[in-house]
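# Coordinate analysis (summary)
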Amino acid sequence: MAEAHQAVAFQFTVTPEGLDFQLSREAVRHLYLATVHSWKKRLVRTKNSFLSGVYPASPSSWMVALVATAGSCYCHVDPSLGLIARIQSCLPHGQALSPRARAVVSTVVFSTGAWLAAVLLFRRLLRLLLSYHGWMFEPHGHMSRSTRLWMVRGLMSIRKPLLYSFQSSLPKLPVPPVKATVARYLESVRPLLDDDKYREMAALAKDFQENTAPRLQRYLRLKSWWTTNYVSDWWEEYIYLRGRSPLMVNSNYYAMDFLYVTPSPIQAARAANTVHSILLYRRRLDRGEIPPMMALGVVPMCSYQSERMFNTTRIPGKETDTLLHLADSKHLAVYHKGRYYKVWLYYGGQLLPPADLEMQFQRILEDPSPPQPGEERLAALTAGERVPWAEARARFFSRGPNKVALDAIERAAFFLALDEDEHGQEPERPGCMDAYAKSLLHGRCYDRWFDKSFTLVVYKNGKVGANAEHSWADAPIVGHLWEFMLATDKFQLGYTEGGHCKGDPRWQLAPPPAPGVAAIEASLRVARALAEDVDFCCFPFSTFGKGLIKRCRTSPDAFIQIALQLAHFRDKGSFCLTYEASMTRLFREGRTETVRSCTAEATAFVRCMAEPRGTVSADLGSRLFKAAAEKHQQLYRLAMTGAGIDRHLFCLYLVSRYLGTQSPFLAKVLAEPWRLSTSQTPQQQLKMFDLNKFPDHVSSGGGFGPVADDGYGVSYIIAGENLITFHVSSKFSSPETDSQRFGRNIRQAMLDIAGLFDRPPPAAGH
């Protein structure tokens, strides 16, 4: 990707009289403003790093300590117990420092030291308080004395926290006892195995626990002492970066627009507002001005995943990929009709307003020039296998114009695809949401840059979506950005009556050309085969939502998970190992843990529901359901507080591989397929607008591809009181799965469970 125009600060030519310099004042001015902007950014980061480092104290508290110490000394009261005098005696005597100056310096030094000691004490106390998780296991409506005492933590949050204020105060993820992990594992597989297979697995587990595990556990505890998080670095490397299969469908996930509303039908205008909103988020992120996420509004969660949200690209390698993250990027990579463009996001050190971005994007949309050879399908390399992409990158992109072109994409803030299709929810068009989901998950296999941290997709009718790479962060992080973008786009920036961005444009973009490359078709064939095999069913369930579920005194997530178990049993006639993603961000650098949702209690309820109608009472069904829901909630709490199963066993397996130790038990555990992989998309993390006042502005959520070839991937978002949107994926090549059939089973399972509580569901809202 070459640039059409470059501003040159100065030129010189050789003449008979010597060198002739020609300065461009405009270019020098922009260079100066860019330098000022860069230094301002550094100063803001330095200031916020200091403020986060001393939280919950503040610079004003240091002044209070200094004034209090000076006032005490003035009143002939020594609060230092002689330390000020000892500091003063260590200072140099003579003309350099007068007695009064030495007194002032010693007072300042003591006050600063006392203040820093108090900061360290408070931060240590804060870490101890944040290590308490008993509040999560309290019965609803009851609070123990320990939890009441723990609530005093709120008194320490006198100052409004910045994004990273709590980072160093968060506790480390604990390493669970092997005995507890093995016991929970055996409990989780009991409903999936017959008696003979369970006895075999129990024997393997016993041998592992008694002979192999103690040594592995010692090494794992040692790792937990010298690393911030004993799981996250290995999880990122071995689960994501070392994977050699395509990122598209297998790893990347997507996010959708508002379900019922499109703020503007003009593609360039919607692209401009969304890009500007995302850049406003990036500016707040750089300054640390985004408040940290809080569980239940009071318990801080780890924010480290947000660090690589922008200016980040996954670089392919033959054995393992790497993540390229830049401190800043001032341009955007844009794709439209097979052409790539480099769009500058700043002018004179200032962020481009939406009206200017709209003009730039409109110029791109109107550009009639055809793609250069190899340019149109270039991104197919990122959609295929990783090894061929790494080899092609080394061969064709290591130097010359192709390297410059690739750098412009990989070093962009993020990637924007101006799509030629129209998508979105249209009740009169069956299958429209399925097509929308497939477009975001894989597109045409060459119009999304799957290696970028995320690709923003803007469709011809103004609908938007995103495709996100998974290694750098989990879905709730992208969801946080996505909520901010949607709310800012609609409720803060807004549009004119004609649907254009507000304001008048001042600058124009000259669309740049792009070079072509070869060695693309092989990756494209792999990607297309993978994309064409994806079977999607995306639907809004509006018969009822969390409002009715909560009136049944049940967790909405537990309700849906049990409904998925019932739907899967009806779909396949059997149970399977089920994965539900839970977060461990209550710990420093925490990511996810697995909740094994197919429990003995859930299977007992499902078998009860499978009995012929009239043979089982509603009272028995509701009691079994309550037991299954309570069990699921307990497992979810254990996962969130570091007492899960799978991350511990995963790390023990890696230690065994490093040590060259064979463990049949661990090998068998990690070989088990997840034929039902599920995840809940968080909603209203920011609360930038009231959904009760704007019920049409619910998000459609997002989804992912199937994890197992013969299994289902299910994502759901509980949006508002009367809406749950499901995203179901599977593969056409599997004769055992059918996403449409499974979607119908989910609907019926939701209705059947609600019917147990004799509360007829309300009429559909939409």
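Per an unreviewed UniProt entry, the recorded name for the chain is Carnitine O-palmitoyltransferase 1, muscle isoform, and the organism is Taeniopygia guttata. The chain has a UniProt comment under Pathway (unreviewed entry) that states "Lipid metabolism; fatty acid beta-oxidation." For the chain, the Catalytic activity (unreviewed entry) comment in UniProt is given as "(R)-carnitine + hexadecanoyl-CoA = O-hexadecanoyl-(R)-carnitine + CoA".

## Remarks on the domain arrangement of the chain
Looking at the assigned domains, one finds that the chain contains domain 1 (10-49), domain 2 (57-156), domain 3 (179-238 + 536-756) and domain 4 (246-535). Computed from C-alpha coordinates alone, the two centres of domain 1 and domain 3 are separated by 56 Å.

## Considerations on the environment of Glu497
Tracing the backbone through its elements, the reader meets Glu497 in the loop between helix H16 (475-493) and helix H17 (521-532). C-alpha separation for the pair Glu497 and Ser264, spaced 233 residues apart in sequence, amounts to 9.5 Å.

## Some details on the UniProt feature "active site" (unreviewed entry) in the chain
As annotated by UniProt and renumbered to match this structure, "active site" (unreviewed entry) occupies His470. Within the secondary structure layout, His470 lies in the loop between strand S14 (464-468) and H16. For His470, a relative accessible area of 17% gives the class buried. Excluding residues that lie within four positions of it along the chain, His470 makes contacts with Tyr240, Ser251, Asn252, Tyr253 and Arg591.

## Looking at the packing of helix H22 (residues 646-659) against helix H23 (residues 664-671)
Closest axis-to-axis distance for the H22/H23 pair is 10 Å, and the angle between their directions is 130 degrees. The orientation of H22 with respect to H23, classified from their angle, is oblique. Judged by the sense of rotation from one axis to the other, the crossing of H22 with H23 is left-handed. Counting all contacts with H22, which are made through Leu649, Phe650, Leu652, Tyr653 and Ser656, the residues of H23 involved are Phe665, Leu666, Ala667, Val669 and Leu670. Residue composition of the contact of H22 with H23, grouped by class: nine nonpolar, one polar and no charged.

## A short note on the side chain of Ser555
As for its placement among the helices and strands, Ser555 is situated in the loop between helix H18 (546-551) and helix H19 (556-572). A polar side-chain atom of Ser555 sits 3.2 Å from a polar atom in the side chain of Gln633.

## A closer look at the sheet that holds strand S19 (residues 702-704)
With respect to topology, seven strands assemble into an open sheet ordered S9-S8-S12-S13-S14-S3-S19, the strand pairing being mixed. In this open sheet, the two strands that pair with only one neighbour each are strand S9 (339-344) and S19. Adjacent strand axes in the sheet meet at a mean angle of 20 degrees, parallel and antiparallel pairs treated alike. Across the sheet, helix H14 (residues 400-410) lies against strand S8 (331-336), S9 and strand S12 (415-418), angled at about 105 degrees from S8, the strand it touches most.

## Section: H17
The terminal C-alpha atoms of H17, which comprises 12 residues, lie 16 Å apart, in line with the 16 Å expected from a rise of 1.5 Å per residue. Residues of H17 that are buried include every one of Ser523, Leu524, Ala527, Leu530 and Ala531, and no others. Relative to the axis of H17, the buried residues are bounded by an arc of 130 degrees and lie together on one face. Exposed and facing more than 90 degrees away from the buried side of H17 are Arg525 and Glu532. In this structure, the buried side of H17 is in contact with helix H12 (380-383), helix H15 (432-441), strand S15 (534-541) and strand S21 (724-731).

## Details of the nonpolar core
Of all hydrophobic cores here, the largest spans 99 residues; its most connected members are Val275, Phe361 and Phe414. Broken down by element, this core gets its largest block of residues, 10 residues, from helix H10 (residues 267-287). Structurally, this core is a two-domain feature, drawing no fewer than three residues from each of domain 3 (179-238 + 536-756) and domain 4 (246-535). Leaving out residues up to four positions away in the same chain, Phe361 has contacts with Ala268, Ala271, Ala272, Val275, Leu332, Val334, Val343, Leu416 and Leu418.

## Focus on H10
Relative to the 30 Å expected for 21 residues at 1.5 Å per residue, H10 spans 30 Å between its end C-alpha atoms, a close match to the ideal helical length. Most of H10 sits inside the fold, with 18 of its 21 residues counted as buried. Note on H10: the residue one or two positions beyond its end, Gly288, has a positive phi of about 70 degrees.

## Focus: the pattern of salt bridges
A full pass over the atoms with the stated rule returns 37 salt bridges. One salt bridge in this structure joins Glu237 and Arg242, with 3.0 Å as the shortest N-O distance. By relative accessible area, Glu237 is classed as partly exposed at 25%. The salt bridge involving Asp419 is made with Arg444; its shortest N-O contact spans 3.9 Å. One end of the pair, Asp419, is in the loop between S12 and H15; the other, Arg444, is in the loop between H15 and strand S13 (454-458), and 25 residues separate them in sequence. The exposure class assigned to Asp419 is buried, which follows from its relative accessible area of 4%. Among the charged side chains, a network of salt bridges with common partners joins Arg244, Arg314, Asp321, Arg386, Asp451 and Glu469.

## A few points about the environment of Arg221
One can find Arg221 in helix H8 (residues 195-226). C-alpha separation for the pair Arg221 and Phe625, spaced 404 residues apart in sequence, amounts to 38 Å. Once you skip the residues sitting within four places of it in the chain, Arg221 turns out to touch Val175, Pro176 and Pro177.

## Re the sheet that holds S21
Strand order in the open sheet formed by six strands is S15-S21-S20-S18-S16-S17, and the pairing between neighbours is mixed. Both outer strands of the open sheet, S15 and strand S17 (592-596), are each paired with one neighbouring strand and no more. Strand-to-strand twist of the sheet, defined as the mean angle between neighbouring strand axes without regard to direction, takes the value 20 degrees. Looking at chain direction, S15 and S21 are connected through eight bridges and run antiparallel. Within S21, the position partnered with Asp535 by the bridge is Ser730. Most of the contacts of helix H21 (residues 618-640) go to strand S16 (residues 578-583), to which it runs at about 50 degrees, and overall it touches S16 and S17. Contacts from helix H24 (residues 739-755) reach S15, strand S18 (676-681), strand S20 (712-718) and S21, with the element oriented near 25 degrees to S15.

Reading guide: rules and limits
Once a new chain begins, its residue numbering starts again from 1 and follows that chain's sequence as written. For this predicted model, a pLDDT threshold of at least 70 governs which residues receive local features, and a threshold of 80 or more governs which side-chain atom pairs are given and counted, while totals over whole chains, interfaces and linings are taken from all residues. Each side-chain value is derived from all of the structure's non-hydrogen atoms; neither hydrogens nor water enter the calculation. UniProt positions are given in the numbering used here, feature names are shortened, and annotations may be inferred rather than shown by experiment. Segmentation into domains, and thus their bounds, comes from an automatic or database assignment. In DSSP terms, a helix is any run of H or I states spanning at least four residues, a strand is any run of E spanning at least two, and both are numbered starting from the N terminus. Classification of residues uses two cut-offs on accessible area relative to the type maximum, computed with a 1.4 Å probe and protein chains only: under 20% is buried, over 50% is exposed, and between them is partly exposed. It only takes one pair of heavy atoms within 4.5 Å for two residues to be counted as in contact. Here an axis means a line fitted to C-alpha atoms, over the contact stretch when the element is a helix, while the angle between two N-to-C directions is reported on a 0 to 180 degree scale. Angles are sorted into four bins: roughly parallel if under 35 degrees, roughly antiparallel if over 145, roughly perpendicular if 65 to 115, and oblique for all others. Each crossing gets its hand from how the near helix is turned against the far one by less than a right angle, where anticlockwise is left-handed and clockwise is right-handed. Basically, the charged four are Asp, Glu, Lys and Arg, the nonpolar ten are Ala, Val, Leu, Ile, Met, Phe, Trp, Tyr, Cys and Pro, and anything else, Gly included, counts as polar. Contacts described as polar in this section are N or O atom pairs within 3.5 Å, which, within protein, must combine one atom able to donate a hydrogen with one able to accept it, while residues neighboring in sequence count only if both atoms come from side chains. In this analysis, strands are considered paired if DSSP registers two or more bridges between them. Here the expected span of a helix is defined as 1.5 Å times the quantity of residues minus one. Our arc is simply the arc of the directions from the helix axis toward the C-beta atoms. Only buried Ala, Val, Leu, Ile, Met, Phe, Trp, Tyr and Cys residues count toward a nonpolar core, and they belong to the same one when joined by side-chain atoms within 4.5 Å. What makes a salt bridge here is a side-chain nitrogen of Lys or Arg within 4 Å of a carboxyl oxygen of Asp or Glu, nothing more.

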